[in-house]
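# Results of the structural survey
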Amino acid sequence: MSREISVAIAYHSGYGHTARQAEFVRQGAEEVAGTTVHLIAVDQITDEQWAQLDAADAIIFGSPTYLGDVSAAFRTFVEKTSGRWMQQQWKDKLAAGFVNSGAKSGDKLHALQSLSVFAAQHSMMWVSLGLLPGWNKSTASEFDLNRLGVWLGAAAQSNGDQGADAMHKSDLATAEHLGRRVAEQARRISA
């Protein structure tokens, strides 16, 4: 029998959109049998949650995209990991990321690159989205997975005048896909 896999989702959410996206990442990871998932809001992180991150097989990072990069609260979390970086405590863990912004582009790719560089500095192994772009043909639909055509991680677009409950179904399904993919990869590597 294979051992239990632990996936931690470390995220910041300013207005609730990224928290909803994180919830769908969690749902996807939990679909993989034998996976325990920890949802961690990094602006309220506890000592117990730091221990969960340290023990996790995979950490999925999430942030809103503010002015083309991760939020200040997420950046504060990043800086608090410097001791772990110096000790390479997260070396060889899987990592992945998800971001959200109001604009279709909103420089979400840059925010995902920030997350992937952060993971690389910790010597983690990045898991891409693993999907072809959706909604890029005349026969395609805005409800395709990966409708925004991002490869590095899951991206969502949320209208600035609507709450998290109005998030696009495709973006949430793409977040769920990411969670499932990371848990599956963690299961595969641990086998």
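Look up a bit, the structure's there.
Described in the following lines is the structure provided in the data block. Since this is a predicted model, take the numbers as computed values, not measurements.

This part is about the overall build of the chain. Looking only at helices and strands, the chain features six helices and seven strands. If you list the helices and strands of the chain from N to C, you get β-α-β-α-β-β-α-α-β-α-β-β-α. For the chain, whose C-alpha radius of gyration is 16 Å, the value lies close to the compact-globule estimate of 16 Å for 191 residues. Over its C-alpha atoms, taken along the principal directions, the chain stretches across nearly 50 × 40 × 25 Å. Looking at the chain residue by residue over its 191 residues, the buried ones come to 50%. Considering only intrachain contacts with a sequence separation of at least 6, the fraction spanning at least 24 residues in the chain is 77%.

As for its placement among the helices and strands, D57 is situated in the loop between α2 (47-55) and β3 (58-66). For D57, a relative accessible area of 19% puts it in the buried group. For D57, the contacting residues outside a window of four places in its chain are R3, E4, I5, S6, K93, L94 and A186.

With that settled, consider the packing of aromatic side chains. For the coordinates displayed, the defined rule picks out nine aromatic pairs. A ring pair is formed by W50 and F77, whose centres lie 5.4 Å apart and whose planes are at 20°; its orientation type is stacked. Highlighted residues: W50 in helix α2 and F77 in helix α3 (residues 72-80), separated in sequence by 27 residues. Comparing W50 with F77 shows no difference in burial state: the two are buried.

Peptide bonds are trans in most cases, and residues, glycine excluded, mostly fall at negative phi. With a phi close to 55°, W135 is a non-glycine residue in the positive phi region. One can find W135 in the loop between β6 (125-126) and β7 (154-157). A positive phi is found at N146, a non-glycine position, where the angle reads about 55°. Take N146: it is sitting in the loop between β6 and β7.

Here the focus is the pairing of strand β5 (residues 94-101). β5 sits mainly inside the fold: eight of its eight residues count as buried. Burial along β5 is two-sided: the residues L94, A96, F98 and N100 and A95, G97, V99 and S101 are all buried. Pairing geometry for β3 and β5, over seven bridges, is parallel. Looking at the pairing, P64 lines up with N100 of β5. As paired elements, β5 and β6 share two bridges and run parallel to each other.

Rules used in this analysis
- Residues numbered from 1 in each chain as written.
- Predicted model: local features only at pLDDT ≥ 70, side-chain atom pairs only at ≥ 80, totals over all residues.
- Heavy atoms only, no water.
- Helix = DSSP H or I, 4+ residues; strand = E, 2+ residues; numbered from the N terminus.
- Rg over C-alpha atoms; globule rule 2.2 N^0.38 Å.
- Buried < 20%, exposed > 50% of the residue type's maximum accessible area, 1.4 Å probe, protein only.
- Contact = heavy atoms within 4.5 Å.
- Phe/Tyr/Trp six-rings, centres within 6.5 Å; stacked < 30°, edge-to-face > 60°.
- Pairing = 2+ DSSP bridges.

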